[in-house]
Every structure is written in C-alpha cells, then in structure tokens.
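The residues making up each chain are set out below.
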Amino acid sequence: MNARSSRDDDARPYLVEVRNVTKRFPGVVALGNASLAIRPGEVHALLGENGAGKSTLIKLLSGVYKPDAGTILVNGEPRNISSPREAQGLGITTIYQEHTLAADLSPIENIFLGRELRAGRSGSILVNRSAMRARAQELWAQFGGDRRDLSRPVAELGGLKQRLIEIIKALAFEATLVIMDEPTAQLPDDERDTLLSHIRAMRDRGVAVLLVTHRLDELAGTVDRVTVFRDGQWIDTIPMAETNVDAIIRKMVGRDVGSMAAAAARSLSQSLPETAPEVLSVTGLSRRGVLNNVSLTLRAGEILGIGGLAGSGRTELARAIIGADPIDAGEIWANGRTISPASPAEAVRAGIFMVPEERKVLGIVAGLDVARNITISAPGKIASSTFVQRRRERSVAANYVDELRIKTRGPAEHIENLSGGNQQKVLFARALFSDPNIIIVDEPTQGIDVGAKTEVYRLIRNFVAKGRSVIVISSELPELLGLSDRVMVMREGRKAGELSVPIGAAADPAQMAEMQRQVMALATGGNVGK
C-alpha cells in the first residue's frame, strides 16, 4: 500500500511516514495495513467515519499505542515510539479534542508543566521563570494574544485561547508536527475561523499539522492534502485542490450520502397533521442573567429546532425544561399536565428525556459497560425484584447495538473504549430505552462522521413517526433546517423569532440558502427581510 496518490507528484521528503501499520485489539482490527505520509510545513487532514482508525493512528504516532506490524519513520528513520514523551522528543505533539490543561494554573505554568526551563547548568533544580515567561510571551504575541492573559488562570480564558495555549505548549519545544483532534469543536464560527487562520500561519512557519475533523467545510483554504481511512484501511491521499467535499464523503463512506439537509429532511409521505395536539407548552420561562421570558410549543410528531449562536441560551433553555437548572419564573405543561421538574430524573418520569451535548461529562458513565449505560435510565425495566437481570440487560443492549449500528465488541465492552460517535449512539439508545414522549437532543451529531449522521437522522425520524416529538438544538444550519418542522431562534437569552420549514425545502438549494440567512439574521439581530 502506498500513501502517495497517483495524482501527487511532489517529490519532497516526508517528515513522518506510516507504512503498512496494523493494530489489533481483542476481536477488532483497528488498523489493517494502513499508511500515511506527512510533509514538513503542510496541513494534512486525516478523515474517515467513526471507527475508521483515525484515533488509533493518532495514538500510535503519539506513543500511546505500539503497532503490531508495520513501520513508523520520522525524517526517514524508523522509530519505535514507546511513549508520549518520546514522541515529543521527536517533534510530535498531540492536542486532543478534550482540553488537557490544568484549569487553576496560568498559561505559562501549563506550557512548561513537567518541562520547566532550568537556571544555570544542566541538572539544576532552579526554575528559570523569566526565561519561561519570555518564551511564552514571544509565542503568545505571534498569535495576537494579550500579554495579561498569561497571568490569569486558564479557567478564566475562553475556548479559543485555551486551544492556542495548547498549540503554544507544542511550539515552545520545537514541535515539527502538531496533531490536532477536532480542534474547532465547540468553538463559535468566528473563533473557529480565527483558529484556522492560526493553523495556516503555523504551516507558513514550517510546522506540519495533522488535522482530524468531522467539519468538512474547514478543508478548503486550509488543508493541502487529505488522507481518507475507511474500516481501518487507507483509501486515498488527495491534494485538496483536486477534490471536493462530496467526493471526499463518497470515499469516507463508500456511498453517495447527498447533502446533510436532504438526508435529514422529512419525506412527503410523513407530513405533520395540522390537527396534531400539543404535547409541550413552555410559557414565560426566565432565569436571571440567562433566560428572559421564553415561550415555545411542541406538537405530537413534530421536530422543533432551536438555533442561535453559542451563548444565546439554547442549551440553558433545554436544561431549564428538564429541571437540570432552576428557573425564576415560567410554567411548563407536558403530556397533559403542568410539571415543575426539580431534576432530569423527574423530567424522565414526566416523559421528557434529554441527550446532552457534553457526552463525556454529562452523558456516558465511565467505568460501566455499554449495556449498563443504555439501561441505567430505566433499570426497573430489566430488574427482577431488586436485582438487575444481566442476561436480559445485555440482550436488550444487543438489540440497540444492532439497530443503531454501534461499533463495539459487544454489550459488555466498557463505554470509554468506544469512539465519540458510538458513545453518542449509546446515549440515543438510553433515551429510547426510557420510552419518553419527548426527546431533547443537544448537538445530536457533534463529533459524528457523515455516514453515522444519516443513521442518527433515521433514528429521530423513526421516533417522531410514532407520534412522539423531538426538540433539536444544532449549530449546523443544514442539519437544523433539514430536521426541523419549525425553527425557533434564540439571541441573548430571548426568543428572537421563529421560522416554519416547508416540506421539500431541503431539495431546493436556493430556499435552504435563504432560510439559513434568515436564521443567522435572527441570531445576530440582523434584518430578516431581504
């Protein structure tokens, strides 16, 4: 297998090369004879569906895993990378999707944590704080940072600045390859654009970047070459100038997915009856400094989308409805009665279940297996007297694994071993197992590959086809408009407006573009009219 595309005639030597690498885990071949080649000073995207082998390859380059077969070369020399520190010594640094910074320490302390510069001769125990500050200030200035931020606790800095600190942490020790796993996840659009511009600046300074992302709109203008993996194998390496997103998606999934809006859209045969009754009514919901007099309604069989910019109050509204956060005023009516849930568990008993955005923090229960993570929402359904029937529990979980196409060795596998997208599917299974009338889904496909997105859309569609209802919060406008029958837009804790989405709109690019413009106008306080 050769990681150089037939269309790639650049003869420059490689900085890092992976040749025919295989990595096995019990019952799974995570990588099979896979290859990758990265040049100095290029932005190289590594793409593939969840389970394609991207995370495994990153951990091989980072020294977390060792390959079972194959070779990794750095600057043309075969290397046995046995630890993250050894990888860093070779100039390879990895920035993972979840922040790894120490929240209570300053940026300078984080940058040099465990690798402090020493004063005097080699072996000195004295820390050279002035040298560390000077180095941090030099790099921070290159990224346009405010020098005062370097003295503040990292917890007080926003997501973009924290990402930049992790980049500087790599550059402070002369990294030649920086691996970034979903670096723009959870960043608003303006900060995402800023971070991408910094990545391009790193390339201009001769630093190579291996970019792993599910946001394919980030590729054009930033990425030089793209490598696609599927099912643990190398599929192709392509200069970005010679391809497009649709072609890349076809290579990733082995089929033509089409636009996300069309994939998510309600079919003409599933039109929402005009007489569908209300199942949820929220009136005057308020919480000081967060929500201001927000009202909404939801009908049986309907999907209500909630849009808006980050910090607009979308998630806060959902958390207030399920009792995760307190409210100062307002009324919630659901499934025929007024409710005042004091906790998400009470909301579940009232027929409302929420799948959260932060799956690793608020969703999965680390240390438990897939089966228990699914059934934990309603343990009484698989219990006999006071004891959970493990055989029945795993049988139920196995059915969800098959239906949702969860990639796992089985219901007994620990949840933390699954990829992010498959963890998200487990949370959907948990919601379905609790048998609610209403599901609230916050960023349903965040961190999920394009193929799995269509499966999530199918699950949502099947749920509402039974006369049940969904509230979807999404930052991806094609997804939001494709899924929703109506879209309510939030701005600064208030309801800014609402749009109806006609059936068939997803098949009309001009209509979709106009509706996206209207949503953004409501979200930013702009003019909805042309």
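See the structure printed just above.
Peer 1: Run through the side chain of T56, naming residues and quoting values.
Peer 2: Following the sequence through the fold, T56 ends up in helix 1 (residues 54-61). Not counting residues up to four positions away in its chain, the partners in contact with T56 are K23, F25, A30, L31 and Y65.

Peer 1: Before we move on, could you go through the sheet that holds strand 6 (residues 92-95) and cite the residues and values that matter?
Peer 2: Read from one edge to the other, the open sheet built from 6 strands follows the order 6-7-8-3-9-10, with strand pairing classed as mixed. The sheet is open, and its two edges are formed by strand 6 and strand 10 (233-239), each paired on a single side. When the angles between neighbouring strand axes are averaged without regard to direction, this sheet yields 20 degrees. The pairing of strand 3 (residues 43-47) with strand 9 (residues 225-230) spans 4 bridges and is classified as parallel. What sits directly across from L47, in strand 9, is V228. Here helix 5 (residues 159-171) sits on the sheet in contact with strand 6 and strand 7 (177-181), set at roughly 170 degrees to strand 6.

Peer 1: Describe the pairing of strand 13 (residues 303-307), listing the residues and the values that go with them.
Peer 2: Along strand 13, 5 of the 5 residues are buried, which leaves the element largely enclosed by surrounding structure. Along strand 13, one buried face is formed by I303, G305 and G307 and the opposite face, lined by L304 and I306, is buried too. In terms of strand pairing, strand 13 meets strand 20 (residues 469-473) through 4 bridges, oriented parallel. Bridge assignment links I306 to a residue of strand 20, and that residue is I473. Bridge analysis of strand 13 against strand 21 (residues 486-491) gives 4 bridges, and the strand direction is parallel. Residue pairing across strands places L304 opposite R486, the latter belonging to strand 21.

Peer 1: Mind laying out the packing of aromatic side chains, listing which residues take part and the relevant values?
Peer 2: Within this structure, the stated rule accounts for 2 aromatic pairs. Aromatic pair F25 and Y65: ring centres 5.1 Å apart, planes at 65 degrees, arrangement edge-to-face. Taken together, the residues F25 in strand 1 (residues 16-25) and Y65 in the loop between helix 1 and strand 4 (69-74) connect sequence positions 40 residues apart. With relative accessibility at 26%, the residue F25 sits in the partly exposed group. Over the ring of F143 we find R205; its NZ or CZ atom is 5.2 Å from the centre of that ring.

Peer 1: So what about the side chain of E182? Which residues, and what values?
Peer 2: Relative to the assigned elements, E182 resides in the loop between strand 7 and helix 6 (189-204). Apart from the residues lying within four places of it in its own chain, the contact partners of E182 are Q97, R163, V212, T213 and H214.

Peer 1: Got a sec to walk through the sheet that holds strand 21? Specific residues and values, please.
Peer 2: The 6 strands lie next to each other as 16-19-20-13-21-22, forming an open sheet whose pairing is mixed. Each having just a single partner strand, strand 16 (352-355) and strand 22 (494-500) make up the two edges of the open sheet. Averaged over all neighbouring strand pairs, the angle between strand axes comes to 20 degrees, with direction disregarded. Pairing of strand 16 with strand 19 (residues 438-442) involves 4 bridges; the strand directions are parallel.

Peer 1: I'd like to hear about the environment of G305, residue by residue, with values.
Peer 2: Along the chain, the position of G305 falls in strand 13. On the basis of relative accessibility, which here comes to 0%, the residue G305 falls in the buried class. With residues near it in sequence (within four places) discarded, G305 still touches V472, L480, S484, R486, V487 and M488.

Peer 1: Describe the pattern of salt bridges, naming the residues involved and giving the relevant values.
Peer 2: For the structure shown, the criterion picks out 27 salt bridges. Across the salt bridge formed by R148 and D146, the nearest N and O atoms sit 2.7 Å from each other. Here E393 makes a salt bridge to R372, at a shortest N to O gap of 2.7 Å. Taken together, the residues span a long stretch of sequence, with E393 in helix 13 (residues 390-404) and R372 in helix 12 (residues 370-375) at a distance of 21 residues. What makes E393 buried here is its relative accessible area of 0%. In this structure R372 comes out as partly exposed when scored by relative accessible area, which is 25%. Connected through shared salt-bridge partners, D149, R152, E156 and K161 make up one network.

Reading the values: rules and limits
Residues numbered from 1 in each chain as written. Predicted model: local features only at pLDDT ≥ 70, side-chain atom pairs only at ≥ 80, totals over all residues. Heavy atoms only, no water. Helix = DSSP H or I, 4+ residues; strand = E, 2+ residues; numbered from the N terminus. Contact = heavy atoms within 4.5 Å. Pairing = 2+ DSSP bridges. Axes fitted to C-alpha atoms, helices over the stretch in contact; angles between N-to-C directions. Buried < 20%, exposed > 50% of the residue type's maximum accessible area, 1.4 Å probe, protein only. Phe/Tyr/Trp six-rings, centres within 6.5 Å; stacked < 30°, edge-to-face > 60°. Lys NZ or Arg CZ within 6 Å of the ring centre and 35° of its normal. Salt bridge = Lys/Arg side-chain N within 4 Å of Asp/Glu carboxyl O.

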